[in-house]
Protein chains: 2
Amino acid sequence: MANSVNEFGLIESIARALGDSATAPWIQVGIGDDAAVLQMRSGFDAVASIDTLVADLHFPRSAPAELIGYRALMVSLSDLAAMAAVPRYALVALTLPELGNEIGIEWVQRLAQGMAMAAKETNIALCGGNLSRGALSISVSVHGEVERGQAKLRSSGNAGDRLFVTGALGAAAACLRQGQLLPAAVDALSAMQQAYYRPQARFDFRDEIKTASCAIDISDGLLQDLNHVLHASGVGAELRSNAIPLGAGATLEDALHGGDDYQILFASAKEVAGGLCIGELSSTHGIRLDGRGIEARGYQHFNT
Amino acid sequence: MANSVNEFGLIESIARALGDSATAPWIQVGIGDDAAVLQMRSGFDAVASIDTLVADLHFPRSAPAELIGYRALMVSLSDLAAMAAVPRYALVALTLPELGNEIGIEWVQRLAQGMAMAAKETNIALCGGNLSRGALSISVSVHGEVERGQAKLRSSGNAGDRLFVTGALGAAAACLRQGQLLPAAVDALSAMQQAYYRPQARFDFRDEIKTASCAIDISDGLLQDLNHVLHASGVGAELRSNAIPLGAGATLEDALHGGDDYQILFASAKEVAGGLCIGELSSTHGIRLDGRGIEARGYQHFNT
């Protein structure tokens, strides 16, 4: 019976790999009942988002499982950071093929360890989940809190606001474009691979985002996500190409149109220390780069 | 460009199909930003669960999409009912293959309409989600509230408590066993098909479950789920076969070992009006049916 496991054994093995990242002072009931029970703070709104990462679309299945797990949680958390929320708890629905040599118990444990690392870095509790049999994918539902009425939306930008990003763009897209998605080892990532597998949900910018007029996370490309802000806020934007911070290996094209950056784009009427100013919101609709109109294409799952 | 759609068009089409089931007084921000923002009540704990339904494992992909959607939400909600929670909001991560004749825009709209029907019946808001390209599956993250400290666990049953179920068992398993999973039409379901496609999360039993000693939803079969209660509570159980309520077309075997019932099993020191008493918890470990030991097998996703 060595290495034999049933569903409940697999869940226990995951819970062990998660260790104390499955618990927190606000978790009343964690893994192991019908549902998790959480104590949320009064005076705060709940903030909630869900994302799915599908094997060989959002990550190569042969990548180290720790990196897949780390990335899956951080990518989802980026949506909370963009709302100016503090992370609280996450639920993970894991769909796994029949366990075998490629995806086995050890793989699942390493995936959980990668998630646990991201959870500890962001102080979120991985307090529940689900296992299903099917094509490999990971759905992560993330939940946080923000002071009542203080969630930062896409729709409240104003013409004249300066536009900021929280970090360099395009390195993850460059990694993908250069076919560099399989690292030599889990602890030997190039700078591009680091950008792809170890995105940082920018909770460190929460104070700046709270005072911003609007914010969005850049998951599908700077211009496409900027375009969501423009539509929601009813404004346009002027960008300066020489102000757009390029990540490792990135071209301007990678930074403008490539996805997977997970930096935050936000607008503010005031100067923001630490924010990288890339342009302004304007009353003229559309996006202009160095004064010329540019199309807001980016990543889309469905284009039929 | 007729019937042409991109990801954002598809999201808008889903939002239209959801209609007012996407909104509620407690939803501050719904579909269309990085995350949803919810006003939860003070003095209540949050209760959270996630489930994934995979095509051709948890539902036949050629079943009517309305029924798939309805079932997906109710199945997930059953976990909240088992905790004595009131439903509040749900997030849905939908993974779809390339849109075509089988799974197209209309299919997705009908799926959303089925979810909207289940949402209205249970007063939950479908306030956010995610679309991905991949093998057809639906992950639903459900969130509710329960009076602080009042969530009903599996672990608090006592020897001597009576065991109750909230309704007849085994009809969904009988439907599966008899190969009856494809109804003639969406509005012409047999009683067995009704049990499979239109399970009712038993929020109508919330008062009884609140006063119970422990509770669990019967998703993987009566005996297997009872066994979870017994392990968690450190007790055994005595069941009477002639007291187990059989659903349409169900044998005792279907009721004991079949999954997909989504009734609630709960224990109580007192008689419970409306509950169907099937036996008692006992200090002797294991499960006995009519005085003889019986194995607690049921549905498992992984058995390697």
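Predicted model only: the values in this text are computed from it and were never measured.

Conventions and cut-offs
- Throughout, a residue's number is its position along its own chain's written sequence, starting from 1.
- Chain letters start at A and ligand numbers start at 1, both assigned in the order the entries are written.
- Local features in a predicted model are, by the rule used here, given only for residues with pLDDT of at least 70; side-chain atom pairs are given and counted only at 80 or more, and totals for whole chains, interfaces and linings are based on all residues.
- Values shown for side chains rest on all heavy atoms present in the structure; no hydrogens or waters enter the calculation.
- Delimitation of the domains relies on an automatic or database domain assignment.
- Any two residues having at least one pair of non-hydrogen atoms within 4.5 Å are treated as being in contact.
- Accessible area that two parts lose when put together, with a 1.4 Å probe and added across both, is what the buried area reports.
- We define a salt bridge as a contact between a side-chain nitrogen of Lys or Arg and a carboxyl oxygen of Asp or Glu at a distance within 4 Å.
- Each polar contact in these results corresponds to two N or O atoms within 3.5 Å; when the atoms are within protein, one needs to be able to donate a hydrogen and the other to accept it, and residues that are neighboring in sequence are counted only if both atoms are side-chain atoms.
- Counting from the N terminus, the helices are DSSP H or I runs at least four residues long and the strands are E runs at least two residues long.
- Under the scheme applied here, ten amino acids are nonpolar (Ala, Val, Leu, Ile, Met, Phe, Trp, Tyr, Cys and Pro), four are charged (Asp, Glu, Lys and Arg), and all others, including Gly, are polar.

**A few points about the domain arrangement of chain A**
One frequent convention defines the size of an interface as the accessible area lost when the parts assemble.
All names here are of chain A.
Item 1. The domains assigned to chain A are domain 1 (7-147) and domain 2 (162-293).
Item 2. The gap between the C-alpha centroids of domain 1 and domain 2 is 25 Å.
Item 3. Each side of the interface is counted separately: domain 1 has 27 residues, and domain 2 has 22 residues.
Item 4. Note on domain 1 versus domain 2: buried area summed over both sides is about 2100 Å², and carbon and sulfur give 65% of it.
Item 5. Counting every contact that joins domain 1 to domain 2 gives three salt bridges.
Item 6. Close ionic contact of lysine 210 with glutamate 147 constitutes a salt bridge, the shortest N to O distance being 3.3 Å.
Item 7. At the surface where domain 1 touches domain 2, the tally comes to eight residue pairs in polar contact (both at pLDDT 80 or more).
Item 8. Mapped onto the side of domain 1 that touches domain 2, the elements with two or more residues apiece are helix H2 (65-82), strand S4 (86-96), helix H3 (105-122) and strand S6 (137-147).
Item 9. Looking at which element gives the most residues to the side of domain 1 that touches domain 2, the answer is H2, with twelve residues.
Item 10. Across the side of domain 1 that touches domain 2, the residue classes tally to 18 nonpolar, four polar and five charged.

**Structural notes on the side chain of B:Thr166**
Residue and element names in this part refer to chain B.
Item 1. Structurally, the position occupied by threonine 166 is in the loop between strand S7 (162-165) and helix H4 (171-177).
Item 2. Of note is the side chain of threonine 166, whose polar atom sits 2.6 Å from the side chain of glutamine 263.
Item 3. In contact with threonine 166, other than residues within four places in its own chain, are Arg202, Phe205, Gln263, Ile264, Phe266 and Leu276.

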